[in-house]
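# Architecture at a glance
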Amino acid sequence: MKIDSVIHLKNQESYLLLLQDKELNGKYFLAVLLDQDNNPTDKYEVFMEDNKDGRLFVKKVRDEEILKQLLIDYQKQYNSEI
């Protein structure tokens, strides 16, 4: 998975990948939900990339400790781009 690409979930939702973590092995992505016209909404999720038997899967991250670490990482990335 790469930043600025769109992923499509089985539930027909599409997400634009905005940021990739730099401190937790690059497996986590901050993403925004896209509407039917592919415009960003106000719903954000963090996904973890998982590779099983050569197939790529994503899981929504709900672990509060990981989310806290990612928030710090993403804030650093955002601040360095300003």
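Here the structure is shown first, and the text comes after it.
Quick caveat, the model's predicted, so the values are computed rather than measured.

When you go through the chain residue by residue, the secondary structure sums to one helix and five strands. Along the chain, from the amino end to the carboxyl end, the secondary structure elements read β-β-β-β-β-α. Taken against the 2.2 N^0.38 rule, which gives 12 Å for 82 residues, the C-alpha radius of gyration of the chain at 13 Å falls within 12% of a compact globule. Considered along the principal axes of its C-alpha atoms, the chain spans approximately 35 × 30 × 20 Å. Taken as a whole, the chain presents about 6,000 Å² of accessible surface, with 47% of it coming from carbon and sulfur. Counting 12 positive and 16 negative side-chain charges, the chain places the averaged centre of each group 6 Å from the other.

Attention now goes to helix α1 (residues 64–81). In a regular helix each residue adds 1.5 Å, so 18 residues correspond to 26 Å; α1 covers 26 Å between its end C-alpha atoms and thus fits that length. What α1 keeps buried is the set L70, D73, Y74 and Q77. Down the axis of α1, the buried set is contained in an arc of 100 degrees. They therefore lie on one face. Exposed and facing more than 90 degrees away from the buried side of α1 are E64, E65 and N79.

Taken as a whole and judged by the stated rule, the model has one aromatic pair. Aromatic pair Y15 and F47: ring centres 4.9 Å apart, planes at 75 degrees, arrangement edge-to-face. Separated by 32 residues along the polypeptide, Y15 in strand β2 (residues 14–20) and F47 in strand β4 (residues 40–52) bring together distant segments of the chain. When its relative accessible area of 0% is taken as the criterion, Y15 is described as buried. What makes F47 buried here is its relative accessible area of 1%.

A few words now on unusual backbone geometry. In this model, Q12 sits at a positive phi of 75 degrees, which is unusual for a non-glycine residue. Relative to the assigned elements, Q12 resides in the loop between β1 (6–8) and β2. For N38, which is not glycine, the phi dihedral falls at a positive 65 degrees. For N38, the location among the structural elements is in the loop between β3 (28–34) and β4.

For β3 and β4, the ladder comprises six bridges, and the chain directions are antiparallel. Residue pairing across strands places Y28 opposite M48, the latter belonging to β4. Counting the residues in the hairpin turn of β3 and β4 gives five residues, including N38, whose phi is positive at 65 degrees. Sheet topology places β4 next to strand β5 (residues 55–60); six bridges connect them, and they run antiparallel. Looking at the pairing, E49 lines up with V58 of β5. Linking β4 to β5, which pair antiparallel, is a turn of two residues; within it D53 sits at a positive phi near 55 degrees.

What counts, and where the lines are drawn
- Residue indices follow the written sequence of each chain, beginning from 1 at its first position.
- Residue-level local features of this predicted model are given only where pLDDT is at least 70; pairs of side-chain atoms are given and counted only at 80 or more, and the full residue set underlies all totals for whole chains, interfaces and linings.
- For the side-chain quantities, the full set of heavy atoms in the structure was used; hydrogens and water were omitted.
- Helix and strand labels come from DSSP, where a helix needs a run of H or I of at least four residues and a strand needs a run of E of at least two; each type is numbered from the N terminus.
- As defined in this context, the radius of gyration uses C-alpha atoms, and a globule is described by 2.2 Å times the residue total to the power 0.38.
- Residue burial considers only the protein chains on display, and all accessible areas are found by Shrake-Rupley using a 1.4 Å probe.
- Positive charges come from Lys and Arg, negative ones from Asp and Glu, while His and the chain ends are left out of the count.
- The location of each charge is read from NZ of Lys, CZ of Arg, CG of Asp or CD of Glu.
- In a helix, the anticipated span is given by 1.5 Å times the number of residues less one.
- Type-normalised accessible area, obtained with a 1.4 Å probe on protein chains alone, sets the label of each residue: buried when under 20%, exposed when over 50%, and partly exposed for intermediate values.
- Starting at the helix axis, one direction is taken to each C-beta atom, and the arc is that of these directions.
- What counts as a ring pair is set by centres within 6.5 Å for rings of Phe, Tyr and Trp (its six-membered ring), and what kind of pair is set by the plane angle: stacked under 30 degrees, edge-to-face over 60, tilted for all other angles.
- Should DSSP find at least two bridges between two strands, the strands are taken to pair.

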